[in-house]
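# Notes for the structure review
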Number of protein chains: 2
Amino acid sequence: MEPLISARTNTAFIFDLDGTLLDSVYDHVMAWAQALRENGIEVPIWKIHRRIGMSGGLFTAALVRELGRDIDENTKHRLRDRHAELYNSVSAKIPPLPGTVALLKHLTENKIPWAIATSSHIKTAAPVLARLGVDPAKNVVITRDQVRYAKPDPDLFLAATEKLGVDITHACVVGDAVWDMLAAQRARALGVGFLSGGYGEDELIRAGAYRVFQDPADMLDHIDELGGRR
Amino acid sequence: MEPLISARTNTAFIFDLDGTLLDSVYDHVMAWAQALRENGIEVPIWKIHRRIGMSGGLFTAALVRELGRDIDENTKHRLRDRHAELYNSVSAKIPPLPGTVALLKHLTENKIPWAIATSSHIKTAAPVLARLGVDPAKNVVITRDQVRYAKPDPDLFLAATEKLGVDITHACVVGDAVWDMLAAQRARALGVGFLSGGYGEDELIRAGAYRVFQDPADMLDHIDELGGRR
């Protein structure tokens, strides 16, 4: 006899990219810090760190509030372009976080649906995805280009589950930033936090993470606890 | 009539340098990351971040445990030299954190004893101190060179209060790292944590911080709460 309720036995996993699968948060931080400094804008670096992973528009909006003065549109564009340029100049050397390839392989082999959803544009994400063995033609990848609003809005995660054909309330969002956890809550998904982006455990839990691991390798060691069974 | 107990009315403040007075933690992190990568040692960057501020010897010991294999003495020396070289190549551009100069000025003007105690060697610290207006001939500065063990051992803080001529149990250690807070507890000083090094508030409190502020400016705004009165 079939059990009455089976909808949530398995889970779909939606992964953030930077700081979650890829050890790139600190390079993003330093690229922003240098771009800002070159434009005469001094912001303490930890405050940049704590904003990585949110949409670029919200990042600059938060920056304006922090500075207490406006930044004109030209400067905003120049900052974004310079950040991309600086980041792209080092991104080829950035390694995946421990366990990334093994975790995605495990999910694929066990027919557990998964996707990647990132606040980055495809132009920035594409070379990195190639190195992780992720092919946007075969795997579900949602980038900034495909949604109106990035994190902490839920659009990226909703688009990912729609493309996977799963209900968002059966999905688990995996990310390293408070913005991933907030967007997961707004989407009514569960959130799993990774320490690999440099946030503290408590920050992730307060933002809604129902479980926190170090990195993909640590999550794979505990995959059965998350509905990641065959 | 004199009050019976006055010993703890005022407090001496012992400041960490990197990440506490100076916005240098992320540059230290990236210098270590690059030095390690150049030597074929891959460590996730957030784990480097969480070790900044502890003694160099303990840093490499922790690294060895993390890697699960030994690193020979030559490589350890090469790593330390390369880290110093990379850090020194950018350190002239590193700004003080908001409020650093104003906070030290406030303490000096109000005759509240203060000192700087850093796990760095004087060679690395000297140019930076000069930019903060701190003169080791006039102000109490304790560096790695002057003690046997650095943080999280209490030696740096004990040496600082000895030189100030105050009792360590009347002192307050101000730092951004868990290692500062642990060393403060071992010295029986109080600990005040700053978020400016990129740790989360909860990490600092769990390590013993009795108060957490964003940075020197935020501490100066609340100085009366800490015994920092005239």
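Thresholds, definitions, all that
- Residues numbered from 1 in each chain as written.
- Chains lettered and ligands numbered in written order.
- Predicted model: local features only at pLDDT ≥ 70, side-chain atom pairs only at ≥ 80, totals over all residues.
- Helix = DSSP H or I, 4+ residues; strand = E, 2+ residues; numbered from the N terminus.
- Expected span 1.5 Å × (residues − 1).
- Buried ≥ 20, exposed ≤ 12 C-beta atoms within 10 Å, placed from the backbone.
- Arc of directions from axis to C-beta.
- Least-squares fit on C-alpha atoms with pLDDT ≥ 70 in both.
- Contact = placed C-beta atoms within 7 Å.
- Pairing = 2+ DSSP bridges.
- Right-handed = clockwise from strand over helix to strand, strands pointing away.
- Domains from an automatic or database assignment.
- Nonpolar A, V, L, I, M, F, W, Y, C, P; charged D, E, K, R; others polar.

### Considering helix α4 (residues 73-90) of chain A
Residue and element names in this part refer to chain A.
- Taking 1.5 Å per residue, 18 residues should reach 26 Å; α4 reaches 26 Å between its end C-alpha atoms and fits that length.
- Buried within α4 are the following residues: L79, H83 and Y87. All buried residues of α4 project into a common sector of 55° when viewed along the axis, lining one side. Residues of α4 that are exposed and angled more than 90 degrees away from the buried face: E73, N74, H77, D81, E85 and S89.

### Some thoughts on the relation of the copies chain B and chain A
- Superposing chain B onto chain A takes a rotation of 180° plus a shift of 0.0 Å along the axis, which leaves an RMSD of 0.0 Å. Read as a symmetry element, the transformation amounts to a two-fold axis. Rotation axis and chain B: the residue whose C-alpha lies nearest the axis is B:G200, separated from it by 2.5 Å.
- A high fraction, 100%, of the interface residues of chain B reappear at the interface in chain A, so the copies pair face to face through one surface.

### With respect to the pairing of strand β4 (residues 171-175) of chain A
Residue and element names in this part refer to chain A.
- Of all 5 residues that make up β4, 5 are buried, and the element is covered over most of its length.
- Across the two faces of β4 the burial is the same, with A171, V173 and G175 and C172 and V174 all buried.
- Of the pairings in the sheet, the one linking strand β1 (residues 12-15) to β4 comprises 4 bridges and is parallel in character. Residue pairing for β4: I14 is matched across the bridge by V173.
- A crossover connection joins β4 to the parallel strand β5 (residues 190-194) through helix α8 (residues 178-187); in handedness this β-α-β unit is right-handed.

### Points about the domain arrangement of chain A
Residues and elements named next belong to chain A.
- Taken domain by domain, chain A comprises domain 1 (12-23 + 95-226) and domain 2 (25-93).
- Placing a centre on the C-alpha atoms of domain 1 and another on those of domain 2 gives a separation of 23 Å.
- If you look at the interface, domain 1 gives 17 residues, while domain 2 gives 12 residues.
- Those elements that place two or more of their residues in the side of domain 1 that touches domain 2 are α6 (122-132) and α8.
- If one sorts the elements of the side of domain 1 that touches domain 2 by residue count, α6 sits on top with 3 residues.
- Residues that form the side of domain 1 that touches domain 2 fall into these classes: 7 nonpolar, 5 polar and 5 charged.

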